[in-house]
Amino acid sequence: MTSEDNNTLVALSAAMADAVEKAGASTVTVDARQRMPASGIAYSAGLVLTADHVVERDEDLSVLLPDGSRVSAVLAGRDPGNDLALLKLSGAGLVAAEAAASPARIGQLALALGRPSPQGIQASLGVVSALGGPLRTGSGGLLEEYLRTDAIPYPGFSGGPLVDAAGRVLGLNTSGLARAVSLTIPVALAWQVAEALAQHGSVRRGYLGIRSQPVSINAAAQSLLGRSQVTGLLLVGVEESSPAEQAGLMVGDILVGLQEAVIDDPDQLLVRLSGSIVGQQAAVEVLRGGQPLKLSVTIGERK
Amino acid sequence: MNSLSFALADEMASLAASLQRSLVVLHNGRAGVGAGVIWKRDGWVVTNHHVVAAGRQSRAHRDLRVELFDGRVYPVRVAAQDEEIDLALLQVDGAFKNEQNHELPEVLVADVANLRIGELVMAIGHPWGQRGMVTLGLVSGIFAAKTQGRRGQVQVIRSDARLAPGNSGGPLVNASGRVVGLNTLIIGGDQGMAISSQVIDSFVAQSGMV
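Parameters and conventions
- Residues numbered from 1 in each chain as written.
- Chains lettered and ligands numbered in written order.
- Predicted model: local features only at pLDDT ≥ 70, side-chain atom pairs only at ≥ 80, totals over all residues.
- Heavy atoms only, no water.
- Helix = DSSP H or I, 4+ residues; strand = E, 2+ residues; numbered from the N terminus.
- Rg over C-alpha atoms; globule rule 2.2 N^0.38 Å.
- Buried < 20%, exposed > 50% of the residue type's maximum accessible area, 1.4 Å probe, protein only.
- Contact = heavy atoms within 4.5 Å.
- Pairing = 2+ DSSP bridges.
- Axes fitted to C-alpha atoms, helices over the stretch in contact; angles between N-to-C directions.
- Polar contact = N/O pair within 3.5 Å; in protein donor to acceptor, adjacent residues only side chain to side chain.
- 1 Å grid on protein atoms, 1.4 Å probe; cavity = no way out; pocket = protein on both sides within 12 Å on 5 of 7 lines; lining within 4 Å.
- Points joined across faces, edges and corners; volume = space filled by probe spheres on them.
- Nonpolar A, V, L, I, M, F, W, Y, C, P; charged D, E, K, R; others polar.
- Expected span 1.5 Å × (residues − 1).
- Salt bridge = Lys/Arg side-chain N within 4 Å of Asp/Glu carboxyl O.

S.K.: What exactly am I supposed to notice about the overall build of chain B here?
M.R.: Helix and strand counts for chain B stand at 4 helices and 13 strands. Scaling as 2.2 N^0.38, a compact globule of 210 residues should have a C-alpha radius of gyration of about 17 Å, and chain B matches this with 16 Å. Dimensions of chain B along its principal axes, counting C-alpha atoms only, are 55 × 45 × 30 Å. Looking at chain B as a whole, 57% of its 210 residues qualify as buried. Across chain B, contacts joining residues at least 24 apart in sequence account for 60% of those joining residues at least 6 apart.

S.K.: So what exactly am I meant to see when it comes to the sheet that holds strand β3 (residues 47-51) of chain A here?
M.R.: Adjacent strands of a sheet pair through backbone hydrogen bonds, lying either parallel or antiparallel. Residues and elements named next belong to chain A. Taking strand neighbours around the barrel as the criterion, the 6 strands line up as β1-β2-β3-β6-β5-β4 in a closed arrangement whose pairing is antiparallel. Averaged over all pairs of adjacent strands, the angle between their axes in this sheet comes to 40°, without regard to strand direction. In this sheet, strand β6 (residues 84-89) lies alongside strand β5 (residues 70-79) in antiparallel orientation, the contact comprising 6 bridges. Bridging across to β6, R78 finds its partner in A85. Contacts from helix α2 (residues 187-200) reach β2 (38-42), β3, β5 and β6, with the element oriented near 55° to β6.

S.K.: What am I meant to see in the sheet that holds strand β2 (residues 31-40) of chain B here?
M.R.: All names here are of chain B. Strand order in the closed barrel formed by 6 strands is β1-β2-β3-β6-β5-β4, and the pairing between neighbours is antiparallel. Each strand of the sheet is rotated relative to its neighbour by a mean of 40°, with strand direction disregarded. By the bridge criterion, 6 bridges tie strand β1 (residues 23-28) to β2 in an arrangement that is antiparallel. Bridged to N28 within β2 is A31. The strands that helix α1 (residues 3-22) touches are β1 and β2; relative to β1, the one it contacts most, it runs at about 35°. The strands that helix α4 (residues 197-207) touches are β2, β3 (44-47), β5 (73-82) and β6 (87-92); relative to β6, the one it contacts most, it runs at about 55°.

S.K.: Got a minute to help me understand the environment of A261 of chain A in this structure?
M.R.: Residues and elements named next belong to chain A. Counting through the fold element by element, A261 comes out in strand β19 (residues 261-262). By relative accessible area, A261 is classed as buried at 17%. Linking A261 and A23, residues 238 residues apart in sequence, is a C-alpha distance of 33 Å. Excluding its chain neighbours within four sequence positions, the residues that come into contact with A261 are V256 and R272.

S.K.: Teacher, can you tell me more about the side chain of S62 of chain A here?
M.R.: All names here are of chain A. Relative to the helices and strands, S62 is located in strand β4 (residues 61-64). In this structure the side chain of S62 is engaged in a polar contact, spanning 2.8 Å, whose partner is the side chain of R70. With residues up to four places along the chain from it excluded, the contact list for S62 reads T29, V30, D31, R70, V71, S72 and A73.

S.K.: When you look at the layout of surface pockets in this model, what are you seeing that I'm missing?
M.R.: Remark: the empty space left among the atoms is shown by a probe the size of a water molecule rolled over them. Residue and element names in this part refer to chain A. Roughly 530 Å³ of internal volume is contained in the largest pocket. As for the largest pocket, its lining consists of 29 residues, of which L269, L270, V271, L273 and R302 are closest to the centre. Within the residue set of the lining of the largest pocket, elements represented by two or more residues are α2, β15 (206-207), β16 (210-216) and α5 (266-272). Here the lining of the largest pocket is built from residues that sort into 14 nonpolar, 10 polar and 5 charged.

S.K.: Would you mind going over α2 of chain A with me for this structure?
M.R.: Residues and elements named next belong to chain A. Counted at 1.5 Å a residue, the expected span for α2 with its 14 residues is 20 Å, and the 19 Å between its end C-alpha atoms agrees. Every buried residue of α2 is listed here: V187, L189, A190, W191, V193, A194, A196 and L197. G201 sits one or two residues past α2 and shows a positive phi near 80°.

S.K.: Looking at this structure, how should I read the pairing of β3 of chain B?
M.R.: On any regular strand, side chains alternate: one points to one face of the sheet, the next to the other face. Residue and element names in this part refer to chain B. Burial of the side chains of β3 extends over both faces: W44 and V46 are buried on one face and V45 and T47 on the other. Relative to β3, β2 runs antiparallel, the two being bridged by 3 bridges. Each residue of the ladder has a partner; that of I38, found in β3, is V45. A loop of 3 residues connects β2 with β3, the two strands running antiparallel in sequence, and G43 in this loop sits at a positive phi of about 110°. Alignment of β3 against β6, held across 4 bridges, turns out to be antiparallel. When the bridges of β6 are listed, W44 appears paired with Q91.

S.K.: What is the right way to look at the pattern of salt bridges in this model?
M.R.: Any two side chains of opposite charge can pair, given that their charged atoms come close. Residues and elements named next belong to chain A. A full pass over the atoms with the stated rule returns 19 salt bridges over all chains. Among the ionic pairs, D267 bridges to R136, the shortest N-O distance being 2.5 Å. Of this pair, D267 sits in helix α5 while R136 sits in strand β9 (residues 135-136), placing them 131 residues apart in sequence. The class of D267 is buried, set by a relative accessible area of 18%. Here R288 ties to D253 by a salt bridge, and the two come within 2.8 Å at their closest N and O atoms. Of this pair, R288 sits in strand β20 (residues 281-288) while D253 sits in the loop between α4 (243-246) and β18 (254-258), and the two are 35 residues apart along the sequence.

Below, the structure is given as structure tokens:
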């Protein structure tokens, strides 16, 4: 049998092990449910992002660090809609995970990591298989985007990271969003939720005060909009004293855009109305009598 | 496909080809029963205890034979076995020593103490009777698995390479082609568990045969 110790395969193997080592230093055990513990990602020196469904208790939470030490934690906030929860450790000392600079691409190598037991980091290899979203989740939420991989989601991997070949986080793995499959919440969304949970303890959902239904947009209106957008949201109701009414939106307007985003179905609107936009002045684009019109609305907060 | 992919594909194919030479098929009576790996060139094969244990009490056990990569078939005898760690050491009948290929293609054994989670591994065996089938994965975890015996626990390696019945007794190797473990489906009932080469080496040494 031959043995080539300096070939490409050996180098790739070492690179995979390096990626596991790097990302593993930021992957912790989250002990917050009855059955086996799950995993979590070090978001910062003192904060751990994990899956909401593995945090069954609100109290008596603890985290096992990669060095084997156990640290108690409190719940900083939950976002059940995206199956994310943020834990605050009683001490700092975590090595924050590094997010991948660019979004995941279909076909790229990806490693799923978890640390469900004190026996150390665990990993499985696959590729990014699909990108999708928005998705109505089992918990009644709306996941803006998700990734799927063919890496094996071993028991206790929920809350752990999916990383690229350099050990940078592509997303957070969870089996709690869809029945029978593990999905990955892309890191941009996961980090955005983590930031919101760190600041407010919850993810703020915006409020406009409209009722709407999807309608098609004719070719003439599309050409006035300057883009091919085949559907928009026809306003069939505007609540009194709502942000929408105060901005001058009227029944019969067709909502087609919010800030820079195209709004062509109700899920898109829900996605765009969450997070930091709440309380901000935002540009709303509508078609009124077939003509494009921009209005400014102050986004309210849904209680 | 760029040159890097070419190099990878080529190296993986060479690795698989060289491994297939060290893989054997075990026959018990008429049927192929599993895989084994040539541990020492002078006629020692390692496999799982459960692969050769099926016909222990019967006439079939005396018909245990090994089929080499080149089609040669020799009788083997069970020289040592340990049910607790699911290992068996087989001695190939000396007839092969009179042939042109009088040394068997033995495997190289990895130093498992230096094995890292995430290293690429290749598994080879005869899943569902498919001869010499190769699957790729990585080292998912290294564990101490509980055993039903005096050892209490033993080192096992979990990989995410796809395995099936018939992989039992076949090797799991690292990117340099060195054996890190013997694929064994029955430990813990979890597919993808291999008994560490560390355990095999000490089993072979303790047998006093080799």
